[in-house]
Amino acid sequence: MKKYKSIAKAVLLSCTLALTTSCNDFLDKAPDDQLTMEMIFTDKIRTEDWLAGVYSSIPSPMWGYFKAQGYNIMGDDITIPQDWSPYGWSNVYAYTTGNWSPISTWDPYYWVELHKRIRSGLIFLQEAKVLPEKDLKESYVNQMKYEVRFLIAYYYSLMIELYGAIPFTPGVLVSVDAPESEMMTPQRPYAEVVDWIDKELLEVSEHLPAVYPNNTDWGRATSIMALAIRAKTLLFAASPLFNGNPDLKDWKNSEGEFLFDAEAKPERWEKAAKAHLDLIKAAEAAGHKLYYEYNVDGSIDPFMSYYNMSLKRFSEGNKEILFGRPENVDLNYWQAHHLPKGIGGNAAMGVTQELVDAFYMKNGEMPILGYNEGGSPIINPESGYVENGFSTNTEYRTTKWPGGGPSNLANKETGVSPVTEEGTYNMYCNREPRFYVSVIYNGAWLGVDNRRVNFLQGGRDTDMTFDSPQNGYNVRKRISLDVLPRDGKYVYQPGILYRMAEAYLGYAEALNESSPAPTPDVYKYVNLIRERAGIPALKEGLSKEEMRAAIQQERRVEFNCEGIRFHDLRRWKIADKYLGGKLYGMNHDGSEKSDDVNNPKAFYKRTYYKSRTFNKRMYLWPVPQAQMDINPNLRQAPGY
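Residues numbered from 1 in each chain as written. Predicted model: local features only at pLDDT ≥ 70, side-chain atom pairs only at ≥ 80, totals over all residues. Heavy atoms only, no water.

K.L.:
Kindly report on helix α8 (residues 190–205), identifying the contributing residues and their values.
P.N.:
With 16 residues, α8 extends 23 Å from end C-alpha to end C-alpha; this agrees with the ideal 22 Å at 1.5 Å per step. All of the buried residues along α8 are Y190, V193, V194, I197, D198, E200, L201, V204 and S205. At its buried positions, α8 is contacted by α7 (138–163), α9 (223–238) and α10 (267–285). (Helix = DSSP H or I, 4+ residues; strand = E, 2+ residues; numbered from the N terminus. Expected span 1.5 Å × (residues − 1). Buried < 20%, exposed > 50% of the residue type's maximum accessible area, 1.4 Å probe, protein only. Contact = heavy atoms within 4.5 Å.)

K.L.:
Which residues make up the pairing of strand β6 (residues 395–398), and what values go with them?
P.N.:
Consecutive residues of a regular strand have side chains that alternate between opposite faces of the sheet. Where burial is concerned, the two faces of β6 differ: the one with E395 and R397 is buried and the one with Y396 and T398 is not. As paired elements, β6 and strand β7 (residues 416–420) share 4 bridges and run antiparallel to each other. Pairing of E395 across the sheet is with T420, part of β7. (Pairing = 2+ DSSP bridges.)

K.L.:
Outline empty space enclosed by the protein, listing residues and values.
P.N.:
What the rule picks out here adds up to 5 cavities of 30 Å³ or more. For the largest cavity, the calculated volume is near 370 Å³. For the largest cavity, the lining is made up of 29 residues, of which E161, K232, F236, L497 and E502 are closest to its centre. For the lining of the largest cavity, the elements supplying multiple residues, two or more each, are α7, α9, β12 (495–499) and α18 (565–571). In terms of residue class, the lining of the largest cavity is built from 16 nonpolar, 5 polar and 8 charged. The residues that make up the lining of the largest cavity include at least three from each of domain 1 (37–59 + 108–286 + 623–630) and domain 2 (288–573 + 580–613). Roughly 140 Å³ of volume is contained in the second largest cavity. (1 Å grid on protein atoms, 1.4 Å probe; cavity = no way out; pocket = protein on both sides within 12 Å on 5 of 7 lines; lining within 4 Å. Points joined across faces, edges and corners; volume = space filled by probe spheres on them. Nonpolar A, V, L, I, M, F, W, Y, C, P; charged D, E, K, R; others polar. Domains from an automatic or database assignment.)

K.L.:
Tell me about unusual backbone geometry, and please be specific about residues and values.
P.N.:
One non-glycine residue with positive phi stands out, namely A347, at about 80°. In this fold, A347 is placed in the loop between α12 (331–336) and β3 (350–351). A positive phi is found at K573, a non-glycine position, where the angle reads about 60°. Following the sequence through the fold, K573 ends up in the loop between α18 and α19 (575–578). Given the relative accessible area of 24%, K573 is considered partly exposed.

K.L.:
I'd like to hear about the packing of aromatic side chains, residue by residue, with values.
P.N.:
Applying the stated criterion across every chain, the model contains 48 aromatic pairs. Here F150 and F323 contribute two aromatic rings whose centre-to-centre distance is 5.9 Å and whose plane-to-plane angle is 70°, an arrangement assigned as edge-to-face. In this pair, F150 is assigned in helix α7 and F323 in strand β2 (residues 321–325), connecting sequence segments 173 residues apart. Ring plane angle 85° and centroid distance 6.1 Å describe the contact between Y428 and Y473, whose orientation is recorded as edge-to-face. (Phe/Tyr/Trp six-rings, centres within 6.5 Å; stacked < 30°, edge-to-face > 60°.)

K.L.:
Describe the layout of surface pockets, and please don't skip the residues or the numbers.
P.N.:
Space inside the largest pocket adds up to approximately 1,300 Å³. What lines the largest pocket is a set of 43 residues, among which M366, I368, L369, Q553 and Y578 lie closest to the centre. Secondary structure elements with two or more residues in the lining of the largest pocket: α13 (353–358), β4 (368–371), α17 (544–558), α19 and β13 (581–585). Ranked by residues supplied to the lining of the largest pocket, first place goes to α17 with 6 residues. Its residues assigned to classes, the lining of the largest pocket comprises 17 nonpolar, 12 polar and 14 charged.

K.L.:
Which residues make up the domain arrangement of the protein chain, and what values go with them?
P.N.:
Per the domain assignment, the segments of the protein chain are domain 1 (37–59 + 108–286 + 623–630) and domain 2 (288–573 + 580–613). Computed from C-alpha coordinates alone, the two centres of domain 1 and domain 2 are separated by 34 Å. Listed per partner, the contact involves 36 residues of domain 1 and 30 residues of domain 2. Buried surface at the junction of domain 1 and domain 2, summed over both partners, amounts to about 3,000 Å²; 70% is from carbon and sulfur atoms. Its largest share of buried area at the contact with domain 2, domain 1 owes to W218, W269 and I280, together 23% of the area lost on that side. Inspection of the region where domain 1 meets domain 2 yields 1 salt bridge. Inspection of the region where domain 1 meets domain 2 yields 8 residue pairs in polar contact (both at pLDDT 80 or more). Every element with two or more residues in the side of domain 1 that touches domain 2 is listed here: α7, α9 and α10. At 10 residues, the largest contribution of residues to the side of domain 1 that touches domain 2 is made by α10. (Buried area = accessible area lost by both parts, 1.4 Å probe. Salt bridge = Lys/Arg side-chain N within 4 Å of Asp/Glu carboxyl O. Polar contact = N/O pair within 3.5 Å; in protein donor to acceptor, adjacent residues only side chain to side chain.)

K.L.:
Account for the pairing of β4, with residues named and values stated.
P.N.:
Relative to strand β5 (residues 377–379), β4 is paired through 3 bridges, and the arrangement is antiparallel. When the sheet's bridge partners are listed, Y371 is paired in β5 with P377. Between β4 and the antiparallel strand that follows it, β5, lie 5 residues; G375 among them carries a positive phi value of about 95°.

K.L.:
Describe the UniProt feature "domain: RagB/SusD" (unreviewed entry) in the protein chain, naming the residues involved and giving the relevant values.
P.N.:
Per the UniProt entry, the sites bearing "domain: RagB/SusD" (unreviewed entry) are residues 340–640 in this numbering. This span, residues 340–640, is 24% helix and 15% strand, and a straight line between its end C-alpha atoms measures 40 Å. (UniProt positions renumbered as here; feature names shortened; annotations may be inferred.)

K.L.:
How would you explain the packing of helix α2 (residues 44–55) against α7 if you had to name every residue and give the values?
P.N.:
Close contact between α2 and α7 brings their axes to 10 Å; oriented N to C, the two are set at 20°. With respect to their mutual orientation, α2 and α7 come out roughly parallel. Note on packing geometry: the crossing formed by α2 with α7 is left-handed. Between α2 and α7, the residues in contact are K44, T47, E48, L51, V54 and Y55 and Y140, M144, E147, V148, L151 and Y155, respectively. The residue makeup of the contact of α2 with α7, split by class, is 8 nonpolar, 1 polar and 3 charged. (Axes fitted to C-alpha atoms, helices over the stretch in contact; angles between N-to-C directions. Parallel < 35°, antiparallel > 145°, perpendicular 65-115°, else oblique. Left-handed = near helix turned anticlockwise from the far one by under 90°.)

K.L.:
Before we move on, could you go through the side chain of S120 and cite the residues and values that matter?
P.N.:
Within the fold, S120 resides in helix α6 (residues 110–127). What S120 contacts, discounting residues up to four positions off in sequence, is W50 and V54.

K.L.:
Can you break down helix α16 (residues 520–533) residue by residue, with the values?
P.N.:
With 14 residues, α16 should cover 20 Å at 1.5 Å per step; its first-to-last C-alpha distance of 20 Å lies within 8% of that length. Among all positions in α16, only V522, Y523, Y525, V526, N527, I529, R530, R532 and A533 are buried. Where the residues of α16 are buried, they touch α10, α11 (302–309), α14 (433–438), β12, α15 (500–513) and α17. Where α16 ends, the next residue or the one after it, G534, has phi of about 80°, a positive value.

K.L.:
Report on the nonpolar core, specifying residues and quantitative values.
P.N.:
Judged by nonpolar contacts, the single largest core of 178 residues is most densely connected at F150 and Y428. The biggest single contributor to this core is α7, with 17 residues. Inspection of this core shows a minimum of three residues originating in each of domain 1 (37–59 + 108–286 + 623–630) and domain 2 (288–573 + 580–613). When neighbours within four sequence positions are excluded, Y428 is seen to be in contact with V356, T420, F435, Y436, Y441, N442, Y473, M586 and Y604. (Core = buried A, V, L, I, M, F, W, Y, C linked by side-chain atoms within 4.5 Å.)

See the structure below:
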C-alpha cells in the first residue's frame with residue numbers, strides 16, 4: 001500500500017462536519033465548503049478549522065452517552081420507556097431488548113465516522129505547515145500535530161473498545177486514485193492495535209502541555225489526556241473480555257491470523273497498573289486532584305464535594321477533570337430530561353431500582369446482597385437497612401448541601417442541614433451521600449419548587465402516560481439543584497470524559513489483579529474515594545477476590561450515570577448477569593403512600609415493569625453489514 005503523496009488542487013473537499021465538540025471559539029468552526037488543500041493550509045484560520053474537524057468526533061458525555069452512544073441507557077444505571085423509541089431513542093432502546101445485529105443502526109457509526117476523522121488527521125499531519133507571515137509558528141504547528149496524533153490514537157481506542165478487532169494501518173493514507181484492492185484492509189490482531197496506542201500516547205504525552213495557561217484552551221489535548229486514554233486502553237486490554245476470552249479465541253482475520261490471544265496474560269495487569277501510576281503521578285504534578293469542599297468545622301463535605309465535582313468548571317478549581325468538553329450540544333434539553341414533570345422536566349427517564357439498591361448505607365455497608373427469584377431483595381443484616389415503614393424524624397448531617405430539605409431547617413452556625421425529612425420511606429434513609437446527590441425519589445426535596453417530589457398518581461410529578469417515571473425515580477446526578485425547566489432556568493456545566501477518581505480506582509483494580517493479595521496502595525486509592533464519599537474505609541484483611549468485588553462495587557456507585565458502568569460490565573464480562581432479566585421499581589400506578597404489598601394502590605412496593613435481554617454476542621459491536629458487503633476481507637465478530 002503506498003503512502004499518500006498529494007491531492008490534486010482540483011479535488012474539492014466536502015468538509016461540512018457536524019462539530020459537536022468545542023474546545024474554544026476556533027474549535028467551534030468547520031472548514032468552508034469547496035476549498036482546495038492549498039487554500040486551507042496556507043491560511044491560519046482554515047488550518048485551525050481543519051483541526052476543529054479532527055476534534056469533532058470526541059463523544060459528548062451528556063447527550064452522547066444517553067442518546068447517541070447510549071451507554072447510560074444500554075447499561076443498568078438508567079431506564080427509559082419503550083414509547084420513547086420513535087423519538088430518536090430507537091437504536092439505544094433496541095440494545096436493551098437484544099435486537100442488536102450487523103444491520104442495526106447506531107448513530108455514532110464509529111466504524112466509518114472515526115476512520116473519517118483519522119483520515120482528516122493524517123491529512124493535517126502531512127499538510128499543516130509553518131507560516132510565519134500568518135502567525136503560524138513552528139512551535140504552534142508542532143503542538144497542533146501532537147494534538148492530532150492524540151486524537152488519532154484516541155479514536156482507535158474508542159473503536160477497539162467496542163469492535164475488538166478493526167482494520168488498522170497507522171500513518172497510511174490511501175491515495176484518492178488508488179485501486180480498490182488497496183482499500184480492502186483486513187482486521188488486525190487486537191494486541192497489535194493496543195501496543196501501538198500505548199507507544200503512541202506515551203510519546204505524545206512527552207510533547208503536549210499538561211495544562212494550558214489560557215482557560216479558553218481548556219478541552220484541547222494535553223499530556224494528561226494522553227496518559228489517561230493510554231491507561232484506560234491498557235485496563236481494557238487486561239480485562240477478561242479481551243484477555244484470554246474463550247469466546248474470541250477462534251476469531252481470525254482474512255489472512256488466517258488469530259485476532260485475540262487464547263490464553264490470558266497476567267502481565268497485562270502489571271502494564272495497566274504501571275500506566276495508571278504514571279498517569280496519577282503526572283496528573284498530581286500538574287495540580288490535578290480529587291475535588292473537595294469542606295464543612296464549617298474543616299471536615300470534608302461529601303455531599304457538596306460529589307455534587308460540584310460534576311458541575312464546577314476546571315477554571316473554578318475542579319482539578320479532578322482530566323479530560324473534558326467545554327461545550328455540549330443541547331445542554332438545557334439534556335438537563336430537563338432528568339427532572340420531574342411538575343417542574344417542566346421530561347419525567348420518564350429514571351435511575352434503576354438496581355442502582356438505588358447499590359448505594360451503601362452511611363455506615364459503609366452494602367444494604368442489599370442480591371435478589372430472590374421473585375425480585376425481592378436479600379438484605380445485609382449488618383447494614384441497618386430497612387425496607388418497610390417511614391421515618392419518624394428528620395435526619396440531619398454536617399453538610400452545606402441544600403438538597404435535603406427547606407433552608408430554614410439548616411443551621412449555618414453548626415453547619416448541619418436536613419438530608420431526609422420525617423415521613424421518608426425507610427428505603428431512602430441513612431444512605432451514603434452519593435445516593436442523595438444521584439437519585440430523585442418520591443418525597444425527595446425539590447428546592448426550586450419549595451416542595452417534596454410527588455410520584456404518587458394524582459401528584460404533580462407523574463401521570464398515567466409514558467412521560468412519567470416508569471419505576472418511581474428520576475435522575476439527580478450531574479444536574480444542578482437550580483435547574484428549573486418550567487421557567488427556562490438552566491446552568492452551564494462542563495462535560496467530563498475522564499476524571500481523577502477513575503485513575504485512582506483503575507490503578508487500584510489493576511494493582512489488585514497483578515498482586516497475590518491487596519497491597520497498601522490498593523487500599524489507599526479505594527479509600528481516598530470512600531473518604532471523599534463520606535463512608536468508612538474498607539475493612540483490612542480482604543482477599544484478592546473480596547477486594548475485586550469491593551472495587552467493582554465502588555466503581556458502580558462512584559461513576560453512576562456517567563457512561564462508565566456499561567463498559568465496566570463488558571470488560572469484566574459480567575454483563576450477562578446484570579443486563580438481562582426482569583426489572584423492578586416502585587409501583588408506577590400507586591396512588592397511596594403505603595408499602596402494603598397486598599394493596600394494589602400502594603406506591604412503595606417492588607413492582608415488575610419490564611424485562612431486558614442480553615445475548616453473549618452483544619459484548620462486542622458487530623461489523624456493520626454495509627461494510628462487510630463492501631470489503632470482502634472483513635470477518636464478522638463471533639455470534640453475529
